[in-house]
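# Commentary on secondary and tertiary structure
Listed below, chain by chain, are the residues.
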Amino acid sequence: MTRSEKSGIKTLLFLAILLLTAPASKSQNLYDLDHSKQFARYLMLTRQYQLAIGEWERVLFLDPADSTAQISLVRSYRLSGNPQSAWIKLNQWNPYGPLTGESATEALRLTLQLNDFHLFKSTLDRSVNLSESQRSDFLIGAYLIEGNWIKAKKTVDPSGLIAPGTNKALQDLLLSTREIPYKSPGGAVALSALIPGLGKV
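As the structure is a computational prediction, the values presented were derived from the model and not from experiment.

Looking only at helices and strands, the protein chain features eleven helices and two strands. The N-to-C order of helical and strand elements in the protein chain reads α-α-α-α-α-β-α-α-β-α-α-α-α. Residues counted as buried form 31% of the 201 residues belonging to the protein chain. By sequence separation, contacts in the protein chain at least 24 residues apart represent 47% of the contacts at least 6 residues apart. A total accessible area of about 13400 Å² is found for the protein chain, and carbon and sulfur atoms account for 61% of it.

Quick look at the structure:
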């Protein structure tokens, strides 16, 4: 027996032993449901929303009834800057009837991102199980985005105090509007007549 034949036999013997001793039960399927969910969550945490969309789609292919994956897919679309696709997906699973929990908050965020205030109001009407503070926060936010400061102030209770539970950032914004001095239209005209543009200050 030559040296190369001995080497070949040793290699075959090594491969046979390796194949016989490798337990098949320890192999991992990296594309199964649990691993896909973990990877999709990781992609969301690292703000790789476009890649997360593909992973959540895989999760939903494996388990179409997973409501957490559905909301996560909608959130991924929204955070990737594609609210139209997010809205289509959300309506695919919740076309009519009440929206609850995370479905309601995602839907309201989407309508605000789409700047569709008519759609926002109809979605707010469909949203159930929202606390009064959540409902107030969304309503104030919508009015502020719309530029409707008067309606935003009207969501504050009549005593001038902000409703309890309102988001701190919204409270600060509404309180700062109280400090804006009002100008007299006649004074603005007079100042503009003296120096053009001074009436705007």
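Next comes the rest of the account.
With that settled, the discussion passes to the packing of aromatic side chains. Throughout the structure, instances matching the rule amount to one aromatic pair. Between the aromatic rings of F39 and Y42, the centroid separation amounts to 6.2 Å while the plane-to-plane angle is 15°, which identifies the pairing as stacked. Residue F39 and its partner Y42 are both found in helix α2 (residues 33-45); the two are separated by three residues, about one turn of the helix.

Turning next to the pattern of salt bridges. Applying the stated rule across the entire model yields seven salt bridges. In this structure, D66 and K37 form a salt bridge, with 3.0 Å as the shortest nitrogen-oxygen distance. Of this pair, D66 sits in the loop between α3 (49-62) and α4 (67-79) while K37 sits in helix α2, and the two are 29 residues apart along the sequence. Judged on exposure class, the residue D66 and its partner K37 are both buried. Three or more residues joined by partner-sharing salt bridges are found here, namely R75, R78, E102, E106 and R109.

Bringing α3 into the picture now. Between its first and last C-alpha, α3 extends 20 Å over 14 residues, near the 20 Å set by a 1.5 Å rise per residue. Those residues of α3 that sit buried are Y49, A52, I53, E55, W56, V59 and L60.

Moving on to a nonpolar patch on the surface. A cluster of nonpolar side chains, L191, L194 and I195, forms an exposed patch at the surface whose accessible area comes to about 300 Å². By the element assignment, I195 lies in the segment after α11 (185-194).

The next point concerns unusual backbone geometry. If you check the backbone angles, R47 has positive phi at about 60° while not being a glycine. Looking at where R47 falls in the secondary structure, it is placed in the loop between α2 and α3. Classification of R47 as exposed rests on a relative accessible area of 64%. Of note in this structure, N129 is not a glycine but carries a positive phi near 65°.

A few words now on the packing of helix α6 (residues 101-113) against helix α8 (residues 132-146). A packed helix pair is summarised by two numbers, namely the angle formed by the two axes and the spacing between the axes. Contact pair α6 / α8: the axes reach a minimum separation of 11 Å and the direction vectors enclose 10°. By the angle between their directions, the pair α6 and α8 is classed as roughly parallel. Note on element contacts: α8 touches α6 through Q134, F138, A142 and I145, opposite T105, L108, R109 and L112. Taken together, the residues of the contact of α6 with α8 break down into five nonpolar, two polar and one charged.

Rules of the game
Residues take numbers from 1 onward in each chain, read along the sequence in its written order. pLDDT decides what is reported in this predicted model: residues at 70 or higher carry local features, side-chain atom pairs at 80 or more are listed and counted, and totals for whole chains, interfaces and linings draw on all residues regardless. Where side-chain values are given, they derive from all heavy atoms of the structure, hydrogens and water being excluded. Segments assigned H or I by DSSP are reported as helices when at least four residues long, segments assigned E as strands when at least two residues long, and all are numbered from the N terminus. Burial status follows relative accessibility: with a 1.4 Å probe on protein chains alone, a residue under 20% of its type maximum counts as buried, one over 50% as exposed, and anything between as partly exposed. Any two residues having at least one pair of non-hydrogen atoms within 4.5 Å are treated as being in contact. What sets the accessible areas is the Shrake-Rupley method with a 1.4 Å probe; for residues, cover comes only from the shown protein chains. Classification of ring pairs rests on two measures: the distance between centres of Phe, Tyr or Trp rings, Trp counted by its six-membered ring, which must be within 6.5 Å, and the angle between planes, read as stacked under 30 degrees, edge-to-face over 60 and tilted in between. Here a salt bridge means any side-chain nitrogen of Lys or Arg lying within 4 Å of a carboxyl oxygen belonging to Asp or Glu. Residue count minus one, scaled by 1.5 Å, sets the expected span of a helix. Candidates for patches are residues over 30% relative accessible area with no salt bridge; among them, like charges are joined within 9 Å and nonpolar side chains (Val, Leu, Ile, Met, Phe, Trp, Tyr) within 5 Å. Each axis is a line fitted through C-alpha atoms, and for a helix only the stretch in contact is used; angles between axes span 0 to 180 degrees, taken between their N-to-C directions. Comment on the angle field: the value is read as roughly parallel under 35 degrees, roughly antiparallel over 145, roughly perpendicular from 65 to 115, and oblique elsewhere. Basically, the charged four are Asp, Glu, Lys and Arg, the nonpolar ten are Ala, Val, Leu, Ile, Met, Phe, Trp, Tyr, Cys and Pro, and anything else, Gly included, counts as polar.

The values are spatial; any link to function lies outside them.
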